[in-house]
Amino acid sequence: MEHKKKSSFSGSLGFVLAAAGSAVGVGNIWRFPYLAAKDGGGLFILVYLVLVLTFGFTLLTTDIAIGRRTKQNALQAFGTMHPKWNFLGKLTFLVPAIIMTYYTVIGGWVSKYVLVYLTAHGPAAAQDGYFLNFITAPVAPIVFMLLFLAATAVVVYFGVEKGIERFSKIVMPGLLLLVIGIVIFGLTLKHTAPDGTVRTGLQGLAVYFVPNFDGLTVRHFLHILMDAMSQLFFSLSVSMGIMITYGSYVKDDVNLGRSIRQIEFFDTGVALLAGAMIVPAVFMFSGTEGMASGPSLMFEALPKVFTAMGPVGHVVGLAFFVMLGFAALTSSVSILETLVANCKALFHIPRKKMCIILTVVSAGAAVLICLGYNVLFFSLPLPNGTNGQLLDVMDYISNSFLMPLISFLTSIFIGWVMKPKWIEEEMISSGHAFHGKKMYSFMIRFVVPVIMAVLFFQSTGIMK
Ligand code: PHE
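Residues numbered from 1 in each chain as written. Predicted model: local features only at pLDDT ≥ 70, side-chain atom pairs only at ≥ 80, totals over all residues. Heavy atoms only, no water.

Considerations on the overall build of the protein chain
Test applied: Secondary structure elements follow DSSP: runs of H or I of four or more residues count as helices, runs of E of two or more count as strands, with numbering from the N terminus. Note that the radius of gyration is over C-alpha atoms, with the globule rule given as 2.2 Å times the number of residues to the power 0.38. Contacts are assigned to residue pairs that have any heavy atoms within 4.5 Å of one another. For the area figures, the Shrake-Rupley method with a 1.4 Å probe applies, and any residue is considered shielded solely by the protein chains shown. His residues and chain termini do not enter the charge count, which takes Lys and Arg as positive and Asp and Glu as negative. Just so you know, the charge point we use is NZ for Lys, CZ for Arg, CG for Asp and CD for Glu.
Along the backbone of the protein chain there are 20 helices and 4 strands. Relative to the globule expectation of 23 Å for 464 residues, the C-alpha radius of gyration of the protein chain, 21 Å, shows essentially globular dimensions. The principal-axis extents of the C-alpha atoms in the protein chain amount to approximately 65 × 50 × 40 Å. Look at the contacts in the protein chain between residues 6 or more apart in sequence, and 80% of them connect residues 24 or more apart. Accessible surface, the protein chain: about 17,800 Å² in total, of which carbon and sulfur atoms supply 70%. If you average the places of the 31 positive and of the 21 negative side-chain charges in the protein chain, the two averages end up 9 Å apart.

Focus: the environment of Leu-59
Turning to its location among the elements, Leu-59 is positioned in helix α4 (residues 42–70). In this structure, the C-alpha to C-alpha distance between Leu-59 and Met-243, residues 184 residues apart in sequence, is 9.7 Å.

Let's talk about the side chain of Asn-399
Condition: The cut-offs for exposure are 20% and 50% of the maximum accessible area for each residue type, with area from a 1.4 Å probe on protein chains only; residues under the lower value are buried, those over the upper are exposed, and the others partly exposed. Definition of a polar contact: a pair of N or O atoms within 3.5 Å, with one able to donate and the other able to accept a hydrogen when the atoms are protein atoms, and with sequence-neighbouring residues admitted only if both atoms are side-chain atoms.
Within the element layout of this structure, Asn-399 appears in helix α18 (residues 390–418). The class for Asn-399 is buried, based on a relative accessible area of 0%. Within the structure, Asn-399 has its side chain in polar contact with the side chain of Tyr-102 (distance 3.3 Å). A distance of 3.2 Å separates the side chain of Asn-399 from the side chain of Ser-398, its partner in a polar contact. With residues up to four places along the chain from it excluded, the contact list for Asn-399 reads Arg-31, Ile-99, Tyr-102, Ser-230, Phe-233, Phe-234 and Pro-404.

Considering helix α9 (residues 140–157)
The condition that has to hold: Multiplying 1.5 Å by the residue count of a helix minus one yields the expected span of that helix.
Counted at 1.5 Å a residue, the expected span for α9 with its 18 residues is 26 Å, and the 25 Å between its end C-alpha atoms agrees. Of all the residues in α9, the buried ones are Pro-141, Ile-142, Phe-144, Met-145, Phe-148, Leu-149, Thr-152, Ala-153, Val-155 and Val-156. Two residues or fewer past α9, Gly-159 is found with a positive phi of approximately 60°.

Some words on helix α3 (residues 26–38)
To keep things clear, this is the line we draw: Each residue is assigned a bend, namely the angle between axes fitted to the seven residues that terminate at it and the seven residues that start at it.
Taking 1.5 Å per residue as the helical rise, α3 with its 13 residues ought to reach 18 Å, and the 17 Å between its terminal C-alpha atoms agrees with that figure. A maximum bend of about 30° is found in α3 at Phe-32, where proline Pro-33 lies one to four positions downstream. Of all the 13 residues making up α3, 12 are buried; the element is thus mostly covered by neighbouring parts of the structure. Residues of α3 that are buried: Val-26, Gly-27, Asn-28, Ile-29, Trp-30, Arg-31, Phe-32, Pro-33, Tyr-34, Leu-35, Ala-36 and Ala-37.

Some words on the side chain of Ser-248
By secondary structure assignment, the location of Ser-248 is in helix α13 (residues 242–248). The residues contacting Ser-248, other than those within four sequence positions of it, are Gly-67, Arg-68, Lys-71 and Gln-72.

Considerations on the pattern of salt bridges
Stated formally: By definition, a salt bridge exists where a carboxyl oxygen of Asp or Glu is found within 4 Å of a side-chain nitrogen of Lys or Arg.
All told, the structure shown has 8 salt bridges when counted by the stated rule. Between Glu-425 and Arg-69 there is a salt bridge whose closest N-O contact spans 2.9 Å. Of the two residues, Glu-425 sits in helix α19 (residues 420–428) while Arg-69 sits in helix α4, which places them 356 residues apart along the sequence. A relative accessible area of 32% places Arg-69 in the partly exposed class. Between Glu-337 and Arg-351 there is a salt bridge, and its shortest N-O distance comes to 3.4 Å. Note that Glu-337 is positioned in helix α16 (residues 312–347) and Arg-351 in helix α17 (residues 351–371), a separation of 14 residues in sequence. The residues Glu-337 and Arg-351 share a single accessibility class, namely buried.

Written out as structure tokens, the structure reads:
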């Protein structure tokens, strides 16, 4: 929004909520649990938590401090800091462009499940194969995607993000409470498999939390590391310019360090709880074989839990998918908003017109992604050990390939060209202490570049 440039978040809380609105989305509730399940639960969580406290902290601090110090969005921020590094701003812009192609497809899946629970078809959705039938259908996924995209576009077109943010102050805590309730209910369940084995929710919780190091190889560990890192980028919305733009709206007296810790805490908390809601249920109903089912995990497991609740399951299911839909909407709004702002600056086209153009382009791309499950179906082995369809390939390109590259370049730029002091100065400019200053400087100069280079080469498949 034009006027947004000059105005800013009302205060620290407004900023934290807006950033959390962008950060908390299907990444936490859909993506985190399926990766955790695929990578064997506890070990993935352990790796993820370590990454949040080290890499997450470093990358989020970098993005937000760059934004507030330059008061520019990502496209211009790097060039303002150093003309030679202007290209990095352009590179970050590719990520939201790619994510936009598939985020609305998942938003569409969530919308479909809102309708399922609105029409009390929950038990049908709990049947095996329901989700697969839906996403492989030729028309329905496209219709729901368009619906979700239209909602996103309306919010961005009319510039009513503020209204949505106000609404998300109710929705986010509501979603959190509901998730906690579902976790507790799920843990009281037990299920008898056709072969007579009884599995309980509590056993599932152990699988989810307790790391299992049996037969761990270096290669497998690298896969976990790669998955966890891709999740970190995606979930925190870092290294894609979005947090730089948000940072540019933050007032100078806000304690950045504290806000960053709050965003991380909230985002990670929601993801951990979402996993505790889904992974034990998967283990209980489908055993360890069911854990590898990938992107379909949440949509298959939760209807089973809701059905086990009896009649209240309809209401709980409806409330859950509606709230998840809103969380997804705040995230997709932040992506489209960034694209519009950047393209407006690049092509000098008025904001509303740009919004329409981008919506049409995104719709075209998202239709292709939907067709990736039928007409354009393929199954490509990816270097992280999975087989992906079009959606997974786009997800892979943005989160496993581009983001390590961007983080690598950013760490070289900040660590060695601008120097960590440039960030430190911004962190203390409000008169608050910068906790973790030493770690920040060590991470950004040495650890981030090395690990990102490793992950980048691994993601290309050059290094196995
Ligand atoms: N972080 C959001 C989520 O977890 C997704 C997102 C990605 C939002 C990229 C903005 C940009 O769902």
